[in-house]
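Listed here are the chains, written in short residue letters.
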Amino acid sequence: MWQSYLNGLLVAFGLIMAIGTQNAFVLAQSLRREHHLPVAAFCVVCDALLVAAGVFGLATLLAQNPVLLSVARWGGAVFLLWYGTQALRRAFSASSLEQSAGHTARSLKAVMLSALAVTLLNPHVYLDTVLLIGSLGAQQSVPGAYVVGAASASLLWFFTLALGAAWLAPWLARPNTWRLLDLLVAVMMFTVAVQLIVSG
């Protein structure tokens, strides 16, 4: 059982730590201190459910239905282009991490809907979390322990990211720092979107 748990923990850590759209979103919300803890919790729950779904059968279903992956790929590309454009606009605006008169905090509902889109409209979540992590988990002696291990990695990572970034926010709350972050987020979103488009 512990071996399966450890395998899930290590495999999930290896994939989740790569800077992707979900990590960039959690980081941005954490630096803004804009509902960052609910966003982190949501990402943990989503990862746990997707890994469990992959371990217990969804990985096989997706592998046999390329149409579903194609729909996810194009939907994800459109969303990433839109999100990247928003980040690019912020990068060239006068906004900073400080909430100013010209920047109103978004509601919890709006932020959580964005988190849902960033998580579920990203095809890499299905390729990595469901197919790769899920198919490896299905081969474990105790698949349930593997799922718990992967969920533990997600819990540790996202809450470390959320709390660590929020703690650093007072030192990073400079307009130029935030512009640079938004610019990097935009470049990353556009890069992933282009990769998704050309891979088709």
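All of these numbers come straight from a predicted model, not from anything done at the bench.

Caption draft 1: Local environment of the overall build of the protein chain. A tally of helices and strands in the protein chain yields 8 helices and 0 strands. Going residue by residue from the N terminus, the α and β elements of the protein chain occur as α-α-α-α-α-α-α-α. Per-residue burial for the protein chain yields a buried fraction of 44% across its 200 residues. Here the analysis covers contacts within the protein chain between residues at least 6 apart in sequence; of these, 91% occur between residues at least 24 apart. As presented, the protein chain carries roughly 10,000 Å² of accessible surface, and 73% of it is formed by carbon and sulfur atoms.

Caption draft 2: Examining the packing of aromatic side chains more closely. Per the stated rule, a full pass over the model turns up 1 aromatic pair. Consider the rings of Trp2 and Tyr5, whose centres lie 5.8 Å apart with planes at 75°: the pair is edge-to-face. One end of the pair, Trp2, and the other, Tyr5, are both in helix α1 (residues 2-16), 3 residues apart, so they sit about a helical turn from each other. Residue Trp2 is classed as exposed on the basis of its relative accessible area of 64%.

Caption draft 3: Local environment of the nonpolar core. Core analysis: the biggest nonpolar cluster contains 30 residues, and Phe25, Val26, Val39, Phe158, Val185 and Met189 have the highest contact counts within it. Those elements that provide at least two residues to this core are α2 (21-32), α3 (36-63), α4 (66-91), α5 (108-120), α7 (143-172) and α8 (175-198). In this structure, Phe158 is in contact with Ile16, Gln22, Asn23, Val26, Ala40, Cys43, Val44 and Asp47, ignoring residues within four places of it in sequence. One finds Leu9, Ala12, Ile133 and Ala153 within the second-largest nonpolar core, a separate group that totals 9 residues.

Caption draft 4: Just the pattern of salt bridges, in detail. Taken as a whole and assessed by the stated rule, the structure comprises 1 salt bridge. The partner of Glu34 in a salt bridge is Arg106, and the shortest N-O contact between them spans 3.5 Å. In this pair, Glu34 is assigned in the loop between α2 and α3 and Arg106 in the loop between α4 and α5, connecting sequence segments 72 residues apart.

Caption draft 5: Layout of the packing of α2 against α5. Interaxial distance between α2 and α5 falls to 9 Å at its minimum, and their mutual angle equals 160°. Comparing their axes, α5 and α2 come out roughly antiparallel. The element α2 and its partner α5 pack so that their crossing is left-handed. Across the interface between the two elements, Thr21, Gln22, Phe25 and Gln29 of α2 pack against Val111, Ser114, Ala115, Val118 and Thr119 of α5.

Caption draft 6: Layout of the UniProt feature "transmembrane region" (unreviewed entry) in the protein chain. Sequence positions flagged by UniProt for "transmembrane region" (unreviewed entry) are, in local numbering, residues 6-27, 39-61, 67-85, 106-126, 146-168 and 180-198. Here residues 106-126 runs as 81% helix and 0% strand, with 28 Å between its end C-alpha atoms.

Caption draft 7: Quick look at a nonpolar patch on the surface. Judged by side-chain polarity, Leu88, Phe92, Leu180, Leu183, Leu184 and Val187 come together as a nonpolar surface patch covering roughly 570 Å² of accessible area. By residue number, the principal contributor to the nonpolar patch is α8, which donates 4 residues. Relative to the assigned elements, Val187 resides in helix α8. Overall, the relative accessible area of 47% leaves Val187 in the partly exposed class.

Caption draft 8: The arrangement of the side chain of Ser152 in detail. Looking at the element boundaries, Ser152 is found in helix α7. Residues in contact with Ser152, not counting those within four places in the same chain, are Tyr5 and Leu9.

Caption draft 9: Representation of the side chain of Thr119 within the structure. Note that Thr119 resides in helix α5. For Thr119, the contacting residues outside a window of four places in its chain are Gln22, Phe42, Cys43, Cys46 and Val125.

Caption draft 10: Representation of the environment of Ser114 within the structure. Inspection of the secondary structure assignment puts Ser114 in helix α5. In this structure Ser114 touches Phe25, Phe79 and Arg106, once residues within four positions along its chain are discounted. Polar side-chain contacts of Ser114 include one of 3.3 Å to the side chain of Arg106.

Definitions and limits used
Residues numbered from 1 in each chain as written. Predicted model: local features only at pLDDT ≥ 70, side-chain atom pairs only at ≥ 80, totals over all residues. Heavy atoms only, no water. Helix = DSSP H or I, 4+ residues; strand = E, 2+ residues; numbered from the N terminus. Buried < 20%, exposed > 50% of the residue type's maximum accessible area, 1.4 Å probe, protein only. Contact = heavy atoms within 4.5 Å. Areas by Shrake-Rupley, 256 points an atom, 1.4 Å probe, with all protein chains shown as cover. Phe/Tyr/Trp six-rings, centres within 6.5 Å; stacked < 30°, edge-to-face > 60°. Core = buried A, V, L, I, M, F, W, Y, C linked by side-chain atoms within 4.5 Å. Salt bridge = Lys/Arg side-chain N within 4 Å of Asp/Glu carboxyl O. Axes fitted to C-alpha atoms, helices over the stretch in contact; angles between N-to-C directions. Parallel < 35°, antiparallel > 145°, perpendicular 65-115°, else oblique. Left-handed = near helix turned anticlockwise from the far one by under 90°. UniProt positions renumbered as here; feature names shortened; annotations may be inferred. Patch = residues over 30% accessible without salt bridge, like charges linked within 9 Å, V, L, I, M, F, W, Y side chains within 5 Å. Polar contact = N/O pair within 3.5 Å; in protein donor to acceptor, adjacent residues only side chain to side chain.

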